[in-house]
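These are the residues of each chain, in order.
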Amino acid sequence: MTPASEPATVTSLPIGSDADLAWVRHQVRQFAAELGFGLVQQTKIVTAASELARNTLVHGGGGQAQIHPLHHGPARGLRLLFTDTGPGIRDVELAMTDGYTTGGGLGLGLSGAKRLVDELSVETEPGQGTVVTVVAWVTRAPAVRPGLG
Amino acid sequence: MTLPPPVPGNPVAVPVLALGNILLVTLQGDLHDGMAEQLQQDITDRIAHSAADGVVIDVSGVDIVDSFLGRVIAEIAAGVRLMAARTVLCGMRPAVAITLVELGLTLPGLETALDAARALELIARDPAAVAPDTPEGGT
Amino acid sequence: MHVPERAAADSAARELAAFLESRREQIAQRWADAPLFRTVFTVSRDEAVEACKAVVDALSEVASSGRLESVGAPGFGPVREQLGHMAASRSRSGFTPGQIADEAAGLRAVAVELLHGEAQGPPEREAPDVLLALTVLMGTLRLVLMETAVSAGEELIARQQLQLLEVATPVISLWDGIIGVPLIGTLDSARSQVVMESLLQAIVEQRARYAILDITGVPTVDSLVAQHLMKTVAAARLMGAECIVSGIRPAIAQTIVHLGIDLSSVLTRSSLADALAYALARQGIEVFRRADGASPR
């Protein structure tokens, strides 16, 4: 597969407080809207970003979010990276299970976020921090394209 | 593009309005985690100090509900129920409902209504009934 | 040997470009009568001629750049949209991409004829080279048209698939505050997404309290379909509407039991009529036959 061409519009946002989470949601929403994601898809990806950014804050002790718009031929998408230098995840498979929690939440963060996007991957090493990457693509909607005739 | 963070939403406490013996809470914009937790505290205090029959939480102005806010809402409802009152969640947007279900958060046992008017109607019609768990049953 | 050959090809291409430029008007006038242009640009003949001129200009641009065989030559850029429009119009009339490409091939004869007319006069030696260049160039045009025809076709199919999804899932108003969705055909993920979105939208628009999902026309219910149904029911409930699934045929009921699918969170009724009766009763509405048995008035 050829790598998607990425214009130099990668945005990095710090995650260190409640207010930062709100700002991440706001920015992800703007990028998603500009790329042509429909309302339901926008809501899904912003919610996924909110879950993952909160993980970064609560479990990773803070870190940063990166937003990469993707242009692959006619396809449009968004890749989000959540990076922290926290304790890492010991058992990723377990962490991906519904209901598994260490942070007092509902344990839907990782597994729930995975259902809201097209791809989710976790790179982690105990003591070395965690990078969670998600990718979502705009699904073709009939109303977006002007007719040919 | 815009880089300095003038954070969206209003970082003040969520107002809790008393309408007769119903508390109306209108959530709006992007709710910070701290505000949501503060709200949970406020509602429990208000119910303890008044004789409210129920709480209506209007989320029509909310564009995302993640698992954190979902948990706060569920906990508010559970707390309110312990104090013999009911909670009705109303005004959820279609996109938010779809996302919540996909996330795996269906908020079972929580009463819901299309909008605030329907929610108030629901409590007014039958103030004594405390959150029936099953929708079915002889009417 | 290589270098002179290349030089000859280049000069032929340049000559072809000059020919196309000088005969732009004549070629355009004659192409305008070809079905490919005549049937697409129906407003006036001038419109067709203008469209032809644009194509001739593009060809001459490609020829002067020397990239006769390149489908991706930038010279085609300005007419790509127009060619796409032509291809789409022809395919709407029932032509396959192959037939459309054949129509494009028909344009070559006209140009060749004009080129022959030209060759009567000046140096005859060069004519075959130019003719060859023209043949190559027209072949490339044919490919470009075929390419746009295929991609226009793909786009059409994708759009039709989506339209079909929407057409196949109408949300109907059954009573004040009661809506119904008769599901017909297989319920895959894409389809159930459309069903969910249109159902929830209708709940808001019609202020519905009850929504009936009728699965009489759904051939099989496996665990995936059941999951889609449960998600739809859960989402509707979050918006304050109660969902009823109706039309569960005996065979499907058996399958559901055999597969061990838990539909206990979903309110079910065997027929759409039963579901409607339930929803009416919950709203305090009773339906009964008039005592005298007569039809009203």
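Residues numbered from 1 in each chain as written. Chains lettered and ligands numbered in written order. Predicted model: local features only at pLDDT ≥ 70, side-chain atom pairs only at ≥ 80, totals over all residues. Heavy atoms only, no water.

By the naming in an unreviewed UniProt entry, chain B is Anti-anti-sigma factor, taken from Streptomyces fuscichromogenes.

The name an unreviewed UniProt entry gives chain A is Anti-sigma regulatory factor, with Streptomyces fuscichromogenes as the organism.

Side note on the overall build of chain A
Convention followed: Helix and strand labels come from DSSP, where a helix needs a run of H or I of at least four residues and a strand needs a run of E of at least two; each type is numbered from the N terminus. Buried, partly exposed and exposed residues are distinguished by accessible area as a fraction of the type maximum, computed with a 1.4 Å probe on protein chains only: under 20%, between the cut-offs, and over 50%, respectively. Contacts: residue pairs with any heavy atoms within 4.5 Å of one another. Exposure was quantified through the Shrake-Rupley algorithm and a 1.4 Å probe, taking into account, for residues, occlusion by the shown protein chains and nothing else.
Helix and strand counts for chain A stand at 4 helices and 5 strands. When the helices and strands of chain A are placed in sequence order, the string is β-α-α-β-β-α-α-β-β. Counting all 149 residues of chain A, 45% fall into the buried class. Here the contacts in chain A between residues at least 6 apart in sequence split such that 62% fall between residues at least 24 apart. Summing over all exposed atoms, chain A offers an accessible surface of approximately 7000 Å²; the carbon and sulfur share of this is 55%.

Overview of the interface of chain C and chain B
Quick note on the threshold: Note on definitions: buried area is the accessible-area loss of two parts on being combined, 1.4 Å probe, summed for both. What makes a salt bridge here is a side-chain nitrogen of Lys or Arg within 4 Å of a carboxyl oxygen of Asp or Glu, nothing more. Under this definition, polar contacts are N or O atom pairs within 3.5 Å; protein pairs additionally need one hydrogen-donor-capable and one acceptor-capable atom, and for neighbouring residues in sequence, both atoms have to be side-chain atoms.
Contacts between the two partners involve 22 residues from chain C and, on the opposite side, 24 residues from chain B. Taken together, both faces of the contact between chain C and chain B bury some 1900 Å²; the carbon and sulfur share is 54%. Counting the surface chain C buries against chain B, the share from its top three residues, Arg207, Arg237 and Leu238 of chain C, is 34%. One can count 3 salt bridges joining chain C with chain B. Measuring nitrogen to oxygen at the nearest pair gives 3.2 Å for the salt bridge that ties Glu121 of chain B to Arg209 of chain C. Linking chain C to chain B there are 8 residue pairs in polar contact (both at pLDDT 80 or more). Listed by contribution, the elements that provide at least two residues to the side of chain C that touches chain B are helix 8 (189-205), helix 9 (223-238), strand 5 (267-269) and helix 11 (272-282) of chain C. When residues in the side of chain C that touches chain B are grouped by element, the largest group, 7 residues, is from helix 8 of chain C.

Looking at the side chain of Ser50 of chain A
Assignment of secondary structure puts Ser50 of chain A in helix 2 (residues 39-58). Using a relative accessible area of 1% as the deciding quantity, one classes Ser50 of chain A as buried. Leaving out residues up to four positions away in the same chain, Ser50 of chain A has contacts with Arg25 of chain A together with Ile64 and Asp66 of chain B.

Notes on the sheet that holds strand 5 (residues 129-137) of chain A
Residues and elements named next belong to chain A. Where we set the bar: The pairing criterion is simple: DSSP has to find at least two bridges between the two strands. Here, axes are lines fitted to C-alpha atoms. For helices the fit covers the stretch in contact, and angles between N-to-C directions go from 0 to 180 degrees.
The sheet built from 5 strands is open, its strands ordered 1-2-3-5-4 with antiparallel pairing. With one partner strand each, in any of the chains shown, strand 1 (11-15) and strand 4 (119-125) form the two edges of the open sheet. Averaged over all neighbouring strand pairs, the angle between strand axes comes to 15°, with direction disregarded. Summarising the sheet, strand 3 (residues 75-84) and strand 5 pair through 8 bridges and their orientation is antiparallel.

Quick look at the sheet that holds strand 5 of chain C
Residues and elements named next belong to chain C. With mixed pairing, 5 strands are arranged side by side in an open sheet as 1-2-3-4-5. Of all the strands in the sheet, the pair left with one neighbour each is strand 1 (172-175) and strand 5. Adjacent strand axes in the sheet meet at a mean angle of 30°, parallel and antiparallel pairs treated alike. Pairing between strand 2 (residues 178-184) and strand 3 (residues 210-217): 6 bridges, direction parallel. Pairing of Ile179 across the sheet is with Ala211, part of strand 3. Helix 8 rests against strand 2, strand 3 and strand 4 (242-246) of the sheet, and its axis sits at about 165° to strand 2. The strands touched by helix 9 within the sheet are strand 3 and strand 4, with strand 4 carrying the most contacts at an inclination of about 155°.

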